Protein chains: 2
Amino acid sequence: MNFGGILAGGSGTRMGKTDLPKQFLMLGEKPIIIHTIEQFLISASIDEIIVAVPQNWISYTQDIVEKYCKSDKIHIIQGGSNRNETIMNICYYIKENFKEEENIVVTHDAVRPFVTQRIIKDNVELCKKYGATDTVISAIDTIVESENGNVISAIPVRSQMYQGQTPQSFKVKEFIEQNEALTKEEKEILTDACKVYVLKQKPVGLVFGEEYNMKVTTKYDLKLANLMLNNLSDKED
Amino acid sequence: MNFGGILAGGSGTRMGKTDLPKQFLMLGEKPIIIHTIEQFLISASIDEIIVAVPQNWISYTQDIVEKYCKSDKIHIIQGGSNRNETIMNICYYIKENFKEEENIVVTHDAVRPFVTQRIIKDNVELCKKYGATDTVISAIDTIVESENGNVISAIPVRSQMYQGQTPQSFKVKEFIEQNEALTKEEKEILTDACKVYVLKQKPVGLVFGEEYNMKVTTKYDLKLANLMLNNLSDKED
């Protein structure tokens, strides 16, 4: 089975406890997270959707899902204290509730509402092939490396550089095994869920995203996202 | 002396010969390039401004400069057939018309109208110190490297990765000497003007740009830029 794993924040401390976390802000006529969930709901490649939110936002999320996109396919669970823990919670939930060897989870930022059907489909297909995927776009700007933050140490070959987006997809069983084998120190270093695969020299297939598959994390992003929503038809030129 | 070097396109072939090149499109009440020139015009760090445009756009540029921001400081010259050649044309113009050993050129994309006074000032100061500068922002996304375009080959340490913007600043004399020493093959590889410094193990100082110091190259960017223009006061959050 193939699962959507919607990452809607860990403990929520970064957002502040009183403010409405960004994933719940309105984009057009629906909360951002609803736009995102809907893309997974209409995907023929996805069987069930696990939405991980901070514990104190579970009932709120249940309410808005009920209101905007009620479906038996949607499971709302508690996230972890960081991104990788949240992915692990989703994987454990899948392992406990859906017994199967070859489950795939397509993890995606709740605040990237412009993910496309093609991107989700490519994630599932390439994850079957490689075992893991990362969604990327070709680097728009020249990428520059600086070890000390004062002078350039390298300018890598631009055509080999990509900017990471989500989804990132994994075979659930392997993801759990690999992450349970990590030491506490390794866990702190591996801020990106794909990095453990790269370090263990396991393949991570590239899915090509879209420049407009943007992350909505600031008030300004939200303005851009509203502009996007109204202009998606003529974004290319 | 310190020069602004406004890079407004090479031969113009990429834009098509009949269409108005992007740098001349209106942003608010003025063409994009005028916004950019004005930032250099009001900078106390900049003495003279060299604007390099395609040969067939020289008189048009003279007309709009006359109309919007007439100044004896502005010199309009012909660009080259690529970015580096355009920078070289600017450097040669400075060498021939302003005799001095320590001239600095702050080269900047005409289509980045949101460059700030602070960024220009930092470029001049750090260029005096290091001999060359590159304006960058910390990488917003995880940067991923792929040698074959199919699977990830590395995920570099995110905190050491930056996205290049402009200005890029150089000591004029050294820039000319270095570029004249390059072979034709080297010139084709060195798509980024700073890369020759890195290869020769000469320091390039980092100037920190701004996320909103964006490049306006598509119709959609222009919409964002207009949004920016109206919202610069509350872009941070």
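This text follows the structure it describes.
Residues numbered from 1 in each chain as written. Chains lettered and ligands numbered in written order. Predicted model: local features only at pLDDT ≥ 70, side-chain atom pairs only at ≥ 80, totals over all residues. Heavy atoms only, no water.

Trainee: Hey, could you run me through the overall build of chain A in this one?
Mentor: The number of helices and strands found in chain A is eight helices and ten strands. Computed over C-alpha atoms, the radius of gyration of chain A comes to 18 Å, within 12% of the 18 Å expected from 2.2 N^0.38 for 237 residues, which places it in the range of a compact globule. Projecting the C-alpha coordinates of chain A onto the three principal axes gives extents of approximately 50 × 45 × 35 Å. Buried positions account for 57% of the 237 residues belonging to chain A. Long-range contacts, defined here as pairs at least 24 residues apart, represent 75% of the contacts in chain A between residues at least 6 apart. Summed over all atoms, the accessible surface of chain A reaches about 10800 Å², with 48% contributed by carbon and sulfur. When the 27 basic and 33 acidic side-chain charges of chain A are each reduced to a single mean position, those positions are 2 Å apart. (Helix = DSSP H or I, 4+ residues; strand = E, 2+ residues; numbered from the N terminus. Rg over C-alpha atoms; globule rule 2.2 N^0.38 Å. Buried < 20%, exposed > 50% of the residue type's maximum accessible area, 1.4 Å probe, protein only. Contact = heavy atoms within 4.5 Å. Areas by Shrake-Rupley, 256 points an atom, 1.4 Å probe, with all protein chains shown as cover. Lys, Arg positive; Asp, Glu negative; His and termini not counted. Charge placed at Lys NZ, Arg CZ, Asp CG, Glu CD.)

Trainee: What should I look at first to understand the packing of helix α1 (residues 32–41) of chain B against helix α2 (residues 58–69) of chain B in this one?
Mentor: Geometrically, a packed helix pair is captured by the angle between its two axes and the distance between the axes. All names here are of chain B. Relative to each other, α1 and α2 sit at 60°, their axes nearing to 11 Å. Comparing their axes, α2 and α1 come out oblique. Between α1 and α2 the crossing geometry is right-handed. Taking contact as the criterion, the partners of I33, I34, I37, E38 and L41 in α1 are, on α2, I64, V65, Y68 and C69. Partitioned by chemical class, the residues of the contact of α1 with α2 number eight nonpolar, no polar and one charged. (Axes fitted to C-alpha atoms, helices over the stretch in contact; angles between N-to-C directions. Parallel < 35°, antiparallel > 145°, perpendicular 65-115°, else oblique. Left-handed = near helix turned anticlockwise from the far one by under 90°. Nonpolar A, V, L, I, M, F, W, Y, C, P; charged D, E, K, R; others polar.)

Trainee: Please explain the pairing of strand β5 (residues 74–78) of chain B as it appears in this structure.
Mentor: Taken residue by residue, a regular strand's side chains alternate between the two faces of the sheet. Residue and element names in this part refer to chain B. With four of its five residues buried, β5 lies for the most part within the structure. Two elements, strand β4 (residues 48–53) and β5, share five bridges in a ladder whose sense is parallel. What sits directly across from V53, in β5, is Q78. For the segment spanning β4, α2 and β5, crossover handedness is right-handed. (Pairing = 2+ DSSP bridges. Right-handed = clockwise from strand over helix to strand, strands pointing away.)

Trainee: What's the story with the interface of chain A and chain B in this structure? I'm lost.
Mentor: Interfaces are often sized by the amount of accessible area the parts lose when they come together. At the junction of the two partners, chain A supplies 46 residues and chain B supplies 45 residues. Each partner contributes to the roughly 4100 Å² buried at the junction of chain A and chain B, and carbon and sulfur atoms together form 57% of this total. Here chain A is connected to chain B by zero salt bridges. For the pair chain A and chain B, the number of links is 16 residue pairs in polar contact (both at pLDDT 80 or more). Contributions of two or more residues to the side of chain A that touches chain B are made by β7 (132–138), β8 (143–145), β9 (161–171), α7 (195–199), β10 (205–208) and α8 (219–231) of chain A. The leading source of residues in the side of chain A that touches chain B is α8 of chain A, at seven residues. Its residues assigned to classes, the side of chain A that touches chain B comprises 22 nonpolar, eleven polar and 13 charged. Relative to strand β9 (residues 161–171) of chain B, β8 of chain A is paired through three bridges, and the arrangement is antiparallel. (Buried area = accessible area lost by both parts, 1.4 Å probe. Salt bridge = Lys/Arg side-chain N within 4 Å of Asp/Glu carboxyl O. Polar contact = N/O pair within 3.5 Å; in protein donor to acceptor, adjacent residues only side chain to side chain.)

Trainee: Help me understand the pattern of salt bridges in this model?
Mentor: Side-chain pairing between opposite charges can occur once the charged atoms of the two side chains come close. Inspection of every chain in the model, using the stated rule, returns 22 salt bridges over all chains. Among the ionic pairs, K202 of chain A bridges to E174 of chain A, the shortest N-O distance being 3.0 Å. Here E174 of chain A lies in helix α5 (residues 172–180) and K202 of chain A lies in the loop between α7 and β10, a separation of 28 residues in the sequence. A salt bridge links K70 of chain B to E66 of chain B, with the nearest nitrogen and oxygen atoms 3.4 Å apart. For K70 of chain B, a relative accessible area of 62% puts it in the exposed group. What emerges from the salt-bridge pattern is a single network uniting R83, D109 and R112 of chain A.

Trainee: What's the story with the packing of aromatic side chains in this structure? I'm lost.
Mentor: Working definition: an aromatic ring pair is given by the centre-to-centre distance plus the angle between the planes. Across all of its chains, the model carries 14 aromatic pairs over all chains by this definition. Here the aromatic rings of F24 of chain A and Y60 of chain A are separated by 5.0 Å at their centres, their planes lie at 75°, and the arrangement is edge-to-face. Of this pair, F24 of chain A sits in the loop between β1 (2–7) and β2 (26–27) while Y60 of chain A is found in helix α2 (residues 58–69), placing the two residues 36 residues apart along the sequence. Each ring, one from F3 of chain B and one from F98 of chain B, has its centre 4.9 Å from the other, and the planes form 65°; the classification is edge-to-face. Placement of the pair is F3 of chain B in strand β1 (residues 2–7) and F98 of chain B in the loop between α3 (83–97) and β6 (104–109), with a sequence separation of 95 residues. (Phe/Tyr/Trp six-rings, centres within 6.5 Å; stacked < 30°, edge-to-face > 60°.)

Trainee: Looking at this structure, I do not really get the relation of the copies chain A and chain B. What am I missing?
Mentor: The relation between the two chain copies is a rotation about an axis coupled with a shift along that axis. Of the two same-sequence chains, chain A is brought onto chain B (RMSD 0.0 Å, axial shift 0.0 Å) by a rotation of 180°. This pairing of chains is accounted for by a two-fold axis. For chain A, the residue whose C-alpha comes nearest the rotation axis is L224 of chain A, separated from it by 3.5 Å. Residue by residue, 98% of the interface of chain A is reproduced at the interface of chain B, so both copies engage with the same surface. (Least-squares fit on C-alpha atoms with pLDDT ≥ 70 in both.)

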